[in-house]
Each structure stands twice: as C-alpha cells, then as structure tokens.
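Structural characterization, general
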Amino acid sequence: MSDDGHPEHNAPDSGPTLRVKALEALLVEKGLVDPAALDAIVDQYEHRVGPRIGARVVARAWVDAAFRARLLANANAAIAELGIPSGPEGEHLMALENAPRLHNMVVCTLCSCYPWPVLGLPPAWYKSFAYRSRAVADPRGVLREFGVELAPEVEIRVWDSSAELRYLVIPMRPAGTGHLSEAELAALVTRDAMIGTAIVNYPPPAAAKSAAE
Ligand code: FE
C-alpha cells in the first residue's frame, strides 16, 4: 500500500498487522503469492470496486429526491433497491446528507469501523491514531489538511462509527452539473467525499487524485 502522504498518521503496526506482514513475507518468499497481485487486489477494493458502489448511491440520491428520502430514512433498504447487498460490515448503515451549512465527517475513534458494502476497504489514514483522535478534537483543522476549507458558518458534525452503525456521507452536488448523466455524476464522487474529508468539485480538479491515498 502506498504512503498516505501524512507520515504522522502512521502509528506503529499493531500485533495483527505484524502477523499479516510476516505471513505475507513468508508466502512471497516461498513463491506462493505474487506481491504485485496482492497490491492489485488491495487497490481494487480500496479504490475501484468499493467506492464506485457508494458513488452510484450518491448519484442516484442527487437525481432522485424520492430515493434520497428513502436513503435517509433507511439506507440499507434503499441500497438494496439498487441491487447492493448490505453484507458484512454494513448491516446497519446510515446516510448523512451534507447541506450548505452542514458538513458531515465520519471517523471510528475506537478502531476502523467503515461501511464496506458501499466504500470497500478503509484507507490507511482512516485507521491511523492521528485521524481517529484529531477528527473529533479538531475536525476543521483535519479538513484543512485534506485541502477542504469550510466557511466559518458551516457546522461540522463528526459521527463516530461502530460495529453497530456505519455511515455514508451524501456530499453536496456541485453547481453546474445539471446537464450530466447519473453515470457522469457518479464519476465525480470520490471515496473521501463519502467519508466527509473531501467535497465534490465540478469540473473535477486536473489529475483528480484523492487527498490522501
Ligand atoms: Fe471501528
């Protein structure tokens, strides 16, 4: 996995992480797995499959007010309408809608609870001690580090995920996107925007790289 660009976010590896690394090293050494193949699988779940599913949900909510209302009322039932199973790590999902004066941001202060069915695997920074502690203590400062400067009148609401309840942020639809198709809208929605550490821009910034991969 690549460095997340925030070295201070990287706490020392925990016991399970060390065991996984040792196991991976052993399998590679014995020629049983190809490290490039492993990286490709992780990349697939972190950046492609996972967040693209959530982006579909967001785009539908942007174009269909009735769907948005159902999503906010019962996220699991609404994503099932799109053929997305809730599955493990997503049994109780709640959608949080951003508004001109409200920005929602998600953290798991205890560990790394994350809505797998719609976002895939959590990025490394989401699991870091620095993010988990500072997201609550100084959300505006953390957002600034992600390149998001919110006006002072925008309230930031931080939601603490748990094994029982996980969150999906519905970012605001950017202005000037009235002519875009639902698929084109979905392509604008980034993983970080659905965690609440980014906003959706249109047109997308050149070389639209996530603030912290
Ligand atoms: Fe957790």
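Quantities reported herein were computed from a predicted structural model and do not represent experimental measurements. (Residues numbered from 1 in each chain as written. Predicted model: local features only at pLDDT ≥ 70, side-chain atom pairs only at ≥ 80, totals over all residues.)

1. A word on the overall build of the protein
- Summing up its helical and strand segments, the protein has 10 helices and 4 strands in all.
- When the elements of the protein are put in sequence order from the N terminus, they spell out α-α-α-α-β-β-α-α-α-α-β-β-α-α.
- Sequence-distant contacts, at least 24 apart, represent 72% of the contacts inside the protein between residues at least 6 apart. (Helix = DSSP H or I, 4+ residues; strand = E, 2+ residues; numbered from the N terminus. Contact = placed C-beta atoms within 7 Å.)

2. Regarding the nonpolar core
- Among the nonpolar cores identified, the biggest contains 43 residues, and Val58, Leu168, Val169, Val189 and Met194 are the most heavily contacted of them.
- Setting aside its immediate chain neighbours within four residues, Val169 contacts Leu96, Asn98, Asn104, Val106, Ala193, Met194, Ile195 and Gly196. (Core = buried A, V, L, I, M, F, W, Y, C linked by C-beta atoms within 7 Å. Buried ≥ 20, exposed ≤ 12 C-beta atoms within 10 Å, placed from the backbone.)

3. Quick notes on the pairing of strand β2 (residues 102-107)
- Counting buried positions along β2 gives 5 out of 6 residues, so the element sits mostly inside the fold.
- Note that β2 and strand β3 (residues 155-160) share 6 bridges and pair parallel. Each bridged residue has a counterpart across the sheet, and for His103 the counterpart in β3 is Ile156. (Pairing = 2+ DSSP bridges.)

4. As for helix α7 (residues 129-137)
- Those residues of α7 that fall on the buried side of the exposure criterion are Tyr131, Arg132 and Ala135. Looking straight down α7, one finds its buried side chains confined to an arc of 100 degrees; they lie on one side. (Arc of directions from axis to C-beta.)

5. Quick look at the environment of Tyr167
- By the element assignment, Tyr167 lies in strand β4 (residues 166-170).
- Separated by 28 residues in the primary sequence, Tyr167 and Ile195 have C-alpha atoms spaced 8.0 Å apart.
- Excluding residues within four positions of it along the chain, Tyr167 makes contact with Met94, Leu96, Val106, Pro115, Trp159 and Ser161.

6. Overview of the environment of Glu91
- Tracing the sequence through the fold places Glu91 in the loop between α4 (75-81) and β1 (93-97).
- The partly exposed category is assigned to Glu91, around which 13 C-beta atoms lie within 10 Å.
- Once the C-alpha coordinates of Glu91 and Ala75 are considered, the two residues, 16 residues apart in sequence, prove to be 10.0 Å apart.

7. Here's the deal with the confidence of the model for the protein
- Averaged over every residue, the pLDDT of the protein is 88; residues scoring 70 or more account for 88%.
- In this model residues 1-8 is a low-confidence stretch, pLDDT under 50, and it forms 13 contacts with partners more than four residues away in sequence or in other chains. (pLDDT = per-residue confidence, 0-100.)

8. What about the environment of Leu119?
- With respect to the helices, strands and loops of the structure, Leu119 is situated in helix α5 (residues 116-119).
- The class of Leu119 is buried, set by 29 C-beta atoms lying within 10 Å.
- The sequence separation of Leu119 and Pro51 amounts to 68 residues, and the corresponding C-alpha distance is 4.1 Å.
- Every residue in contact with Leu119, bar those within four places of it in the chain, is listed here: Gly50, Pro51, Gly54, Tyr114, Arg191 and Met194.

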